[in-house]
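Results of the structural survey
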Amino acid sequence: MGTPAPTDQVHIASASQTLTIGYQGFGSFHNEDNVEFMASDPGWQPPPNHCQREVCLSGTAFGAPCRYQFLIDFDRWTFLNHGAFGAVLRCAHEEAEAWRRRCENQPLRFLDRELFAQLVRVMGELAAFVGSQRQDLVLLPNATTGLNVVTQSLRGRIGPGDVLFHLDVGYGSVKKMLQVVASQTGARAVQHTVQLPLSSPSQLVGQVATALPEGTRLAVFDAVTSNTGIVLPIQELVQLCHSRGIEVLIDGAHALGMLPLDLRQLGADYFVANCHKWLSGPRGSAMLHVQPKHQRHVHPVIVSHGYGSGFVSALLWDGNRDYAPLLAVSAALRAWQQLGPHAVRQYQRELLRQAVELLTQAWGTGTLVPLHMCGSMALVQLPRHCLPAASLQNLAPAEAHSGRDFAAAPSSATSADAKHVQDALYKLAIECPVKCIDGNLFVRISVHIYNELNDFEKLAAAVSGMCQI
Ligand SMILES: Cc1ncc(COP(=O)(O)O)c(C=O)c1O
């Protein structure tokens, strides 16, 4: 077999081992004495998953019957906030525990001889799920790390006169990352305020087309916005930016699991996603995908042994830590294959539709954007003309009687009001975030496979009770 071209290889190096795997399956694996473990194995196969749990979710009914597959205390909680921090699948949690035990059983065998090959196996599985090549993505502990890697790697490539473009509906910490890199380089971070309401994705693309300033070098878009739950038309936004020579970073923290992904077709320069959110992988699992042409100028924020040995190598090992969550992404992916990604999304969409119908009818309100612009989350406006009793209780007596209520000032709610309502729901064992958008209060509902319409009936009744309607 000929030596594979370098671009076809996954190459990983740390102090004590190197692993090079060609795309045709050629593999070599050396320890610090340069002893080959799988030298020239013509049919390099991914190593066995020592910790695979024999769980089969095929045929599992969604809703209450599948709650056992998660660790949430559903006896106590009505859980409508998957979008915040995700919730792990039991099988993925257990697989991570098994990897942890295997590591501690013989740490040197695991960390020096097994880990990299196992990580590459998982990268291959994840690449197949998102439509990419395993050598173009790397596993990371969270989306924040991936977003920092991309934004910090701009240093040395941008300077005064250059613009970093983002939307006001983007994630708060990403705005800070852009401000930091702007202050380090003399570039400008420019935020565009999305004009709401939106009735179609093309409206948003039109706004961006008009707003993109001269000199934009990078544009950042969320695949799904966090606070507002809007699925952005990322394919069209990538095309628009590329037509103007602008690189695109997609913050897909919510994308994996919620949206069907084909990163090859999407063509974004950089794509970051969490595995510990909608995919329900173990906490501490995420991915960064970088187009091959950019990989040489992408640098890790934490420099370790693999630095200088290529994209994957530089990023995968950032020191001795717990890599079990990354390995157990495998279990989450298997679960999704068994449940059927399409069936999961169909269930979530249909339940979201029913939930929105129920809440908007109960409260006489609407959603922030039309349902066709939502994925598995939606913002539903709380009853207008209603100051929840919970908020009244939190006001000073003089204020509470001052007539300051939503009837008098329908668009004057604050984020403090949102917090009062959210806290009041929490006290009723309903975990559901409340957002204040342009002076109006909304609940942001999340729908995962463990939810049922009954969860939203509880929310509807709780809010109606609080608002005395
Ligand atoms: C859009 C978006 N980007 C980035 C992040 C950061 O994710 P993490 O905290 O897992 O790094 C989140 C988290 O919710 C998010 O919603």
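Residues numbered from 1 in each chain as written. Predicted model: local features only at pLDDT ≥ 70, side-chain atom pairs only at ≥ 80, totals over all residues. Heavy atoms only, no water.

In the annotation of an unreviewed UniProt entry, the protein chain is listed under the name Aminotransferase class V domain-containing protein and assigned to Chlorella vulgaris.

Not every one of the 14 residues close to the ligand is listed here, only the nearest: Thr144, Asp251, His254, His276 and Lys277. With respect to the ligand, the side chain of Ser226 contributes an N or O atom lying 3.3 Å from an oxygen atom. Measuring from an oxygen atom of the ligand, one finds a side-chain N or O atom of Lys277 at 2.6 Å. Counting residues per element, the shell around the ligand draws most heavily on helix α4 (residues 143-152), at three residues. Residues of the shell around the ligand, tallied by class, amount to five nonpolar, six polar and three charged. (Near = heavy atom within 4 Å. Polar contact = N/O pair within 3.5 Å; in protein donor to acceptor, adjacent residues only side chain to side chain. Helix = DSSP H or I, 4+ residues; strand = E, 2+ residues; numbered from the N terminus. Nonpolar A, V, L, I, M, F, W, Y, C, P; charged D, E, K, R; others polar.)

In this section: the packing of aromatic side chains. Under the criterion given, the structure shown has ten aromatic pairs. With centroids separated by 6.2 Å and ring planes inclined at 70°, the aromatic side chains of Phe116 and Trp317 adopt a geometry described as edge-to-face. Linking Phe116 in helix α3 (residues 107-130) with Trp317 in the loop between α10 (311-316) and α11 (324-327), this pair joins segments that are 201 residues apart in sequence. Here the two residues Phe116 and Trp317 agree in accessibility, since each one is buried. The rings of Phe70, Phe74, Phe79 and Tyr450 are connected pair by pair, giving a single aromatic cluster. Seen from the ring of Tyr68, Arg90 lies directly overhead, with NZ or CZ sitting 4.2 Å from the centre. (Phe/Tyr/Trp six-rings, centres within 6.5 Å; stacked < 30°, edge-to-face > 60°. Buried < 20%, exposed > 50% of the residue type's maximum accessible area, 1.4 Å probe, protein only. Lys NZ or Arg CZ within 6 Å of the ring centre and 35° of its normal.)

We now examine unusual backbone geometry. Residue Pro197 follows Leu196 across a cis peptide bond; omega there is 0°. Its location among the elements puts Pro197 in the loop between β7 (188-192) and α6 (201-211). Not every positive phi belongs to a glycine, and Ser280 is a case in point at roughly 65°. Of note, Ala429 is a non-glycine position whose phi angle comes to about 65°, a positive value.

On to the environment of Val149. Assignment of secondary structure puts Val149 in helix α4. Taking relative accessible area as the criterion, Val149 reaches 1% and is therefore assigned buried. Taking C-alpha positions, Val149 is 9.0 Å from Leu315, a pair spaced 166 residues apart along the chain. The residues touching Val149, leaving out its near neighbours within four places in the chain, are Leu288, Val298, His299, Pro300, Val301 and Leu315. (Contact = heavy atoms within 4.5 Å.)

In this section: the sheet that holds strand β8 (residues 216-222). Spatial strand order, β5-β11-β10-β9-β8-β6-β7: seven strands in an open sheet with mixed pairing. In the strand order of this sheet, the two ends are held by β5 (137-140) and β7, each with one partner. Between one strand and the next, the sheet's axes are offset by a mean angle of 15°, whatever the strand orientation. Pairing between strand β10 (residues 270-274) and strand β11 (residues 286-290): five bridges, direction antiparallel. (Pairing = 2+ DSSP bridges. Axes fitted to C-alpha atoms, helices over the stretch in contact; angles between N-to-C directions.)

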